[in-house]
Every structure is written in structure tokens, then in C-alpha cells.
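Breakdown of the fold
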Amino acid sequence: MGSTKKAASKKKFVYFFGNGKAEGNGTMRDLLGGKGAGLAEMTNAGVPVPAGFTITTETCNLYYANKRKVPVGLDDQIKTNLVKLEKAMGKKFGDPKNTLLVSVRSGSKFSMPGMMDTILNLGLNDVTVQGIAAATGNDRFAYDSYRRFISMFGSVVLEIEKDIYEKALSAKKRELGIKLDTDLSADDLKDLVMKFKKITREEAGKDFPQDTMTQLNMSRDAVFRSWNNDRAIYYRKMHDIAANLGTAVNIQAMVFGNMGNDSGTGVGFTRNPSTGENVFYGEYLTNAQGEDVVAGVRTPNPIAKLEEEMPAVFKQLHGITKRLEKHYKDVQDFEFTIEKGRLYMLQTRAGKRTAQAAIRIAVEMVKEGLISKDMAIQRVLPKDLDQLLHPIIDPKADLTVLAKGLPASPGAAAGKIVFTAGDAVRWAEELDEDVILVREETCPDDIHGMEVSKGILTARGGMTSHAAVVARGWGKCCVAGCEDIKIAEDGKSFEVNGKTFKEGDWISLNGATGELLEGKVQTMDPELSGEFAEFMNWADQYRKLKVRANADIPRDANKAREFGAEGIGLCRTEHMFFAEDRLPHMRAMILATEEEARHEALRQLLPMQRSDFKGLFDSMQGFPVTIRLLDPPLHEFLPKREELMLEVAKLEAANPDAPELEEKKKILSRVQELHELNPMLGHRGCRLGISYPEITEMQVRAIAEAAAECHAEGNKVVPEIMIPLVGNVLEFKDQKEIAERVVNEVKKEKGVKFDYQIGTMIELPRAALTADEIAEQAQFFSFGTNDLTQTTLGFSRDDAGKVIACYEEKKILKKDPFQTIDVAGVGQLVQMAVDKGRMARPNIKLGICGEHGGDPASVYFCHKVGLNYVSCSPYRVPIARLAAARAALEEKLAAKKPKAAKKKPAAKPAKKAVKKAVKTVKKVKKAVKKAVKKAAPKGK
């Protein structure tokens, strides 16, 4: 134990910056955090920065590893650096006459604005406050700083509700009949200090600490603790920031913006973070501290006004920030304070920006020669493009959040509540109302209601539930798995947080955050700029993966092409059968007891399917179209079993002679026959085509006739017929033989020749394991990773939401495997199928058509394993394009990195001797052979 302490005490925990020189620099973000690295870099660059020191992120991790105790040696290093700080500032910490005050701020590697804690004015107590007042000749400034410090220390360190201090402040202003904090006199502030100290004693059970080192140590530990507060944990999860990075603690000499009208504080950006416009952007307040700007206590002034009030300071600030932007080659988010006309920079970091701004800034910086196209592609996160492609909540709108579910499909929607698909159609089409469809969960039967709704809200289901998948495909807003809403048994209202909402009431959804909002919230359409098209063209120059879309109708296919899709990777033919003019024929086919009746129903469906496929081929204009044959179990096209049983029971009780009773019984009987305990693993996919080959025949004929018609018109489409749920090569052969026979029949009938391919979905582990056998027959594989994830992990994607959330919380799963591919499990099966497939058929086409095709991390995996394309919802096509470009760029940059030369291990003496001996023997044998040959008589 002693040796550990000794080793720990020698470790460097603290890095100083000040007087134009810092021990760290801008490359040390991992160790010093973004803020600490930025302060060090600015100091080294000669920017006016108040001196200070940074406690490393490693120290934070040691603090948690040691059961929330700081490592041995840290306190000594803090005291050493505090002496350096006192020397740099010409003041002394805790000295009543010449007091040094400090701020204590967090700062992790990645910016997490507002998520962790800050304490200002540390070092004030009942004695030093008098010294500050005497030194500055400004009692008001001294006691204003003291009351701020007490409330910050109380709320952050002692965890007292901040509102208690705020209420006392508001009560004082009401008592005096004033509105602004700046109207409080020195005596008013002294009174508030007494009140704040009393609040602290009553709420914390102890007095506000007067010892300045105690204040510092407690504040340092509070900032470490804030790394794991609820909001920081949530933010890290939302932005995929690792929990083990830790936060640095920056202890810095205070400079004061609240010393009068020649002082002030502000925040700004080197460019507009909302639009990307290249203008100096920000806000400031005179006679204020930093918290006032963000807290909204007073309305800040636009930064342009600073040029009028303090022109010299403005010029210096503008020059410094432009220099910082050029140095970092990125938009800077900066904080500054002006103390008695002197400018100090408190922070610089890469500025957070909207997707619209990010693209404009990246494109303009390339044109300005500030960054390369490589850097531009790396600057924009693929997931952020979602903001550009869907309606968004108006940022100026007042919001009341009722509950939170899963952000299943981005965008925003407002509408009147309806609870059934039929009502959604009636309200939307007959009454011309905007509606939100609210369901426990959706099913394929709801598709017509989903289509006309502005948004979809479900109480159950996950990110790849039916509602989520369909909504994303349409670019429709969806919040799924919102378990706080309790839908009434009569299905005409729901309750949430004690409030009841009925059919016809207004609600709004934010699909980007998963929030359910009260009332009608204003939404707005995002605008796609010219920079967007230019940026995406740059991205396309990098990527190797093709990007297709999952689309079932021409409208979706056209939208996919608009977003740059290079074909359709999945057309789900079952969605076509739910239309009102088709469902009766589909049900007639299912209910038929004779083969001829089944054939007749399919003959009615054939021209409809042919028209569907022709529309898709026309939209794609020669790009590949992959059509999956019927996949879901047949019972999905019939009324629900429980509902039918209830209807039959009611009719038998009320009107046993009703003519519709026999029909209902007939349907119920067939539904009972088709009923399965686990339909996802039941009679579906290729199993349907094997049991009912006439279904496969009809669908393939529709595809072939549509392709023949297109070829006759000059559209040289190459249809790809995909056979679903294959686990055995013999299943594939059975369906392939039918498909080939029907296509050849159509070619002969129409007198047209066209190319086509037949392949399969790899969505069962056995298919991946036997991919070499299947590849001998199949011309392409498309990985159906939704079902492959289900069948590999044993999770139902519709019911596993609670389990997955629990597993993520307990760190059993890093991410929801239905959102981001499980590389270690599902990924291994994909890799195996790729290797085996290419071994058997080197030119096999390989793609992915599950929802993972639009997830950036999964796209990176697809690039790495060497797939030919990914396919995703139309609205995720740009995301996949950029993700594929970044994956290729990352690979290119990694290849350029110089590899350390491997030193050849020195051969052992014995090995050298053996090698030499072997060489000698070989030489001797050769010489002997030559001599023998020379001496031998000719012809022998």
C-alpha cells in the first residue's frame, strides 16, 4: 500500500498556466480536458488569460477509483501551484488585505455545456470581503461577489436547492420595489449575505466555511462529483461520450466584470452557430458576471454594441478571436471578461453549431483555404444531418414536456389525438384535420392511418418496432415506447402525469428528442442550402459503399433519389397488400380452401403488383431494385384473433341469426388455424412460398412483366428478386427454380430479353453459417440485420425495450443492438457470411437492408467488412452517404500514418551456425554433382 501511495505522489496531477507560458498545450485534451488545453494554448500564444492551473482528468478517474477520495500527493501539488498563481497575480489566497479569488470550473475532453458545475469568487469570507471592499473602494462590488459565491457554493458543493437562494433574492427585490440585481445597494447586498448564510446553515446543517483552503478542496471535489450527475450522464449517453474520460478541474484567478460600467462579461462565436454566416456573433453585459449572461437575469446586448461602448476592447477581442479561429481552423466558442477596461479571455473551444451551420461553415472554410476537403468531411457528424431533413420544433416556441419516449423517427409534428387507424383516415381525409395517431403499438393493419397522420406516438415498442421502421421510411415523426402514457380501456383517452387527454385534444411530438409536448407547438420546415448539395458531392467522392433506400412505393423512391439513393435495397411487398383495394383479394386468397379459389384471388392481385413494381422501376430509371417476396405470416392480413372472438361472442348473444355471423366464424376459424405462439419464427418468408408456390409465382410474374414493360420503353432495369428467411440452401433452390421458370415464361411471352438476379436475405444464424452453400445458388446476399439481431441475441425487437434499457444502464450492453450493430456477435456472423459467400462466388453482391443501414457506426462496420452497399430509409440516405465517406476517409488517413519499423530479432548464435552449416552442405553437394557429371563418359 505504501508503494502505491509513493508512486501516486510522484505522478503529475497539476499543470500550471500563466505569464505567457503554460506547462500544457492544445494537443493535451485527453489529459487537461478541452477547457484546460484551450487555456494552455491561449497562454502560450500570448493571449491575455488570467493565470491558473488544471487538475487532470486522470485525477478525476483516480478520485472515483479510490471511493471518492483524491490521490495522495494532489493536495501538495495544489499548494505548490497556488504559490505560483499568487506570484503571477501579485495577490495572496486568503490574505485579508490583498486577496486572490479564484474560479473552479469543470472541463472534459468533449464540450458538455452546462452539464457540470462551476464555482466563482472562491476565497471570499467575512474577513476577505472587507479587504476586497477596501482595496477596490467598492463595497457594492465586494458584497455582490460574496452573495454570489455563497449561493453557488451552497447549491453546487452543499447541494442546497438553488431556488431557495433565488427566492430570497426575489423577495428582497420585491421588498425594495426594484426589478434588477444591479439596483441593489451595498447595504442591500450585505443583508442578502446574512440571509444566504442563514439559509446555508439551516439547509446544510452547518455554517458556510470561512477557511479558504477548505472552500477550495470542497469545490474541487464537487466538480469531480458533477462528472456523474444525472444531466452529465444523460448528455454523455445522448452524445456517445465515454464515461471513463473524467473531467479536469480548472482553478483560475478571478477577474471581475461586475466592477462598474467599464467592466463586463460575455460569450460569443467567431461565426453564427445557427446559420453558419461568417459574422462576429455573441452577447455581453456590462457590470455583470458570467452567470448573468446565461441565466437571463438581464437582457444581454449584441456583441456589435461593444464596439460603441468600448471600441478598443472590441477591436482587441475581434482580433484575438479571429486569430484563434485561424489557429484552431474551426469556429470558436469563447468567453471573456473586461475588468476596468482590460480584456481577459476565459475560454475558447470548438463551437457547437446546427447541422445547417456546420455544412455552411465547412464549405466556406474550404473555399477560404482554411481547411481541406478531408477536414470538412470530418467536421460534420452524419447523425446531425437529421436536423436538415425533417420539420423541426420552432426554437422560439414555449414548450411543456409531458413525457419522454424513444426518438424513433426524427422531425416534429403537431396534431389532434386519434386512437385508431380508421379514425386517423376519417379525421385527416374527411375533416381535413392534422392528427397524431396514438396507439399501444402499431401493426401492419394501421398503415393507412399511419400514412395520413402527422406523427405517431406509441406506448410500447422500440427503435426498430413497426411504428419506428415505417415512420422513418416515410420521414414521419414518431415517438415510440412512451411508457408514461396510460391509454384508457375504452381507447378514447390517455393519462400522463395526472393529466387526461381525449380524442381531438392537441399534442405535439419532437421525434429528435422523444418528447411528448402539450398542445399545438409551432413547427417549421428546414431549408436545404446550395452548400448542402456541394458538401454531399464532396462526400460522394470519398465513399466506396453504394447507398440504396428501403422504399415500397414510387413516392418514397422519388424522395430517396432526391436524397441521392443509388437504387432500392429493399422493397417490402407485403405493405402493398394493405391498401383498401387489395386487402379483400389478399384475404380471399388466405381464406380460400381450394387451390383454384386461391389462384383466382392472386390473379386479381397480379396487375396491382405489376403496376407497383413498374412505378418503382420508373422512379429508379435503371438503378437496381431489390424486391423481397412476401415475408410476414398470413394472419397479419386478417383481423385480430381476440377482436374476432369478441365480435362473434357479441353477435351470438345479441343476434344469433345475423347474416354476418357465419362469415365472422369462417374468418375466425381460419385465423385460429393460422395462429402461432411465435409468429416471427413461424410460417413466414420462404416457408410461405414453399407451402403456397402460387404466391411466389404471382409475385415473380408481376416483377418480370413490369421489367419487360420497362425494357420495351427503353428503361433497362435489372430487377433483383430476394427470397426471405432462408436458412437452408434447399429452401432457396426450391424458390429459385420457381422464379427462374416464371421469368423465362414471361420473356418468351413478351419477346423481351432482360437481365435479372436472384438472391436472398441473410437473417438467420444458420444462413450465415452455411453462406458458402447458399452462395453457390444465390447471386446476392442482403443482410436483414433486424431479424438477424433478433435470432442471434434472442431479443424480440418489439418487446425488448425494457430489458435493453436495463442492460445499457448496467453496462451489459454499450448500445441498443437494434440501433447499432452488435459487432462482436451479429457482426461476426456477417463477416463469416461475407467470407464464405465470396469464397464460393467471388463476384457475389453484398448489401445490408436492416435499419442498421442508416446508423453511422453500423455503416462504418459495413465498409470495414467490404459490403457493396447499404440500404436505409429514404430520409437516412444522406446520413449513410456521409457515414460511408467518413469511413473511407478514416481508412485512407490511417493508411498514411507512418508505421513503426519492426526490428528483426537478432538471430541466436546457434541458429546462425546451423544456417551456415546448411549452406555449406548445399554448396558441397552442388560441387560434387557438377564434378561427377563432368567426369562421366559421354552418352552414359
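Residues numbered from 1 in each chain as written. Predicted model: local features only at pLDDT ≥ 70, side-chain atom pairs only at ≥ 80, totals over all residues. Heavy atoms only, no water.

Moving on: the side chain of Thr 348. Counting through the fold element by element, Thr 348 comes out in strand β13 (residues 342-350). Separated by 2.6 Å, the side chains of Thr 348 and Gln 332 make a polar contact. When sequence neighbours within four positions are dropped, the list of residues in contact with Thr 348 reads Gly 38, Met 42, Leu 324, Tyr 328, Gln 332, Asp 333 and Phe 334. (Helix = DSSP H or I, 4+ residues; strand = E, 2+ residues; numbered from the N terminus. Polar contact = N/O pair within 3.5 Å; in protein donor to acceptor, adjacent residues only side chain to side chain. Contact = heavy atoms within 4.5 Å.)

Here we take up empty space enclosed by the protein. Take a probe with the size of a water molecule and roll it over the atoms, and the empty space left behind shows itself. Tallied over the full model, the rule gives six cavities of 30 Å³ or more. Together, 14 residues line the largest cavity, and Arg 105, Met 254, Val 255, Thr 337 and Leu 346 are the ones closest to its centre. Mapped onto the lining of the largest cavity, the elements with two or more residues apiece are β6 (102-108) and β8 (247-253). By residue class, the composition of the lining of the largest cavity is six nonpolar, seven polar and one charged. (1 Å grid on protein atoms, 1.4 Å probe; cavity = no way out; pocket = protein on both sides within 12 Å on 5 of 7 lines; lining within 4 Å. Points joined across faces, edges and corners; volume = space filled by probe spheres on them. Nonpolar A, V, L, I, M, F, W, Y, C, P; charged D, E, K, R; others polar.)

Another aspect to go through is unusual backbone geometry. We note that Asn 19 has phi near 55°; this positive angle belongs to a residue other than glycine. Structurally, Asn 19 can be placed in the loop between β1 (14-18) and β2 (21-22). Classification of Asn 19 by relative accessible area gives exposed; the value is 67%. One non-glycine residue with positive phi stands out, namely Arg 68, at about 60°. Structurally, the position occupied by Arg 68 is in the loop between α3 (57-65) and α4 (74-89). (Buried < 20%, exposed > 50% of the residue type's maximum accessible area, 1.4 Å probe, protein only.)

Attention now moves to the pattern of salt bridges. Note that side chains of opposite charge can pair when their charged atoms are close. Enumeration over the complete set of coordinates arrives at 75 salt bridges. Residues Arg 426 and Asp 423 are paired through a salt bridge, measuring 3.6 Å at the closest nitrogen-oxygen approach. Linking Arg 426 with Asp 423, this pair stays in helix α17 (residues 421-430), spanning three residues, or about one helical turn. The class of Arg 426 is partly exposed, set by a relative accessible area of 35%. Note that Glu 440 and Arg 460 form a salt bridge whose closest N and O atoms lie 3.4 Å from each other. In this pair, Glu 440 sits in the loop between β18 (435-439) and α18 (447-452) while Arg 460 sits in the loop between β19 (455-458) and α19 (466-474), placing the two residues 20 residues apart along the sequence. Judged by relative accessible area, which is 30%, Glu 440 ranks as partly exposed. Taken together, the shared-partner salt bridges in this structure form one network comprising Arg 610, Glu 697, Arg 701, Glu 705, Arg 741, Glu 745 and Glu 749. (Salt bridge = Lys/Arg side-chain N within 4 Å of Asp/Glu carboxyl O.)

Moving on, we come to the sheet that holds strand β3 (residues 52-55). Reading across from one edge, β2-β1-β3-β8-β6-β7 is the order of the six strands in this open sheet, with antiparallel pairing throughout. Looking at strand neighbours, the two that pair on one side only are β2 and β7 (118-122), the edges of this open sheet. Two strands pair when backbone bridges link them, and β6 and β8 are joined in this way by seven bridges, in the antiparallel orientation. Each residue of the ladder has a partner; that of Val 104, found in β8, is Ile 251. Of the strands in this sheet, β1, β3, β6 and β8 touch α4, which is tilted by about 5° from β1. (Pairing = 2+ DSSP bridges. Axes fitted to C-alpha atoms, helices over the stretch in contact; angles between N-to-C directions.)

Another point: the packing of aromatic side chains. Here the structure, examined in full by the defined rule, presents 19 aromatic pairs. Centroid distance Tyr 63 to Tyr 64: 5.3 Å. Interplanar angle 85°. Geometry classified as edge-to-face. Between the aromatic rings of Phe 280 and Phe 314, the centroid separation amounts to 5.7 Å while the plane-to-plane angle is 70°, which identifies the pairing as edge-to-face. In this pair, Phe 280 sits in the loop between β9 (264-269) and β10 (281-286) while Phe 314 sits in helix α13 (residues 311-328), placing the two residues 34 residues apart along the sequence. Comparing Phe 280 with Phe 314, the two get one shared label, buried. A network of ring pairs unites the aromatic residues Tyr 146, Phe 149, Phe 153 and Phe 208 as a single cluster. The side chain of Arg 548 reaches across the aromatic face of Tyr 869, ending 3.9 Å from its centre. Directly above the ring of Phe 754 sits Lys 747, whose terminal nitrogen or CZ lies 5.3 Å from the centroid. (Phe/Tyr/Trp six-rings, centres within 6.5 Å; stacked < 30°, edge-to-face > 60°. Lys NZ or Arg CZ within 6 Å of the ring centre and 35° of its normal.)

Turning our attention to the packing of helix α31 (residues 785-793) against helix α33 (residues 826-840). Running from amino to carboxyl end, α31 crosses α33 at an angle of 115°, the nearest separation of the two axes being 10 Å. Crossing geometry of α31 relative to α33 is assigned as right-handed. Contacts from Leu 788, Thr 789, Thr 792 and Leu 793 of α31 reach α33 at Val 826, Leu 829 and Val 830. In terms of residue class, the contact of α31 with α33 is built from five nonpolar, two polar and no charged. (Left-handed = near helix turned anticlockwise from the far one by under 90°.)

Okay, the sheet that holds strand β24 (residues 506-510) next. Remark on secondary structure: sheet strands pair via backbone hydrogen bonds, oriented parallel or antiparallel. With mixed pairing, the eight strands of this open sheet are ordered in space as β15-β25-β24-β17-β18-β19-β20-β16. At either margin of the open sheet sits one strand with a lone partner, and together these are β15 (401-404) and β16 (406-409). Neighbour-to-neighbour, the strand axes of the sheet open up by a mean angle of 30°, direction not taken into account. Looking at chain direction, β18 and β19 are connected through four bridges and run parallel. Bridge pairing in β19 places Leu 437 opposite Ile 456.

The set of residues buried in α17 consists of Ala 421, Asp 423, Ala 424, Val 425, Trp 427 and Ala 428. Buried residues along α17 sit in contact with β17 (412-418), β18 and α18. Asp 432 sits one or two residues past α17 and shows a positive phi near 55°.

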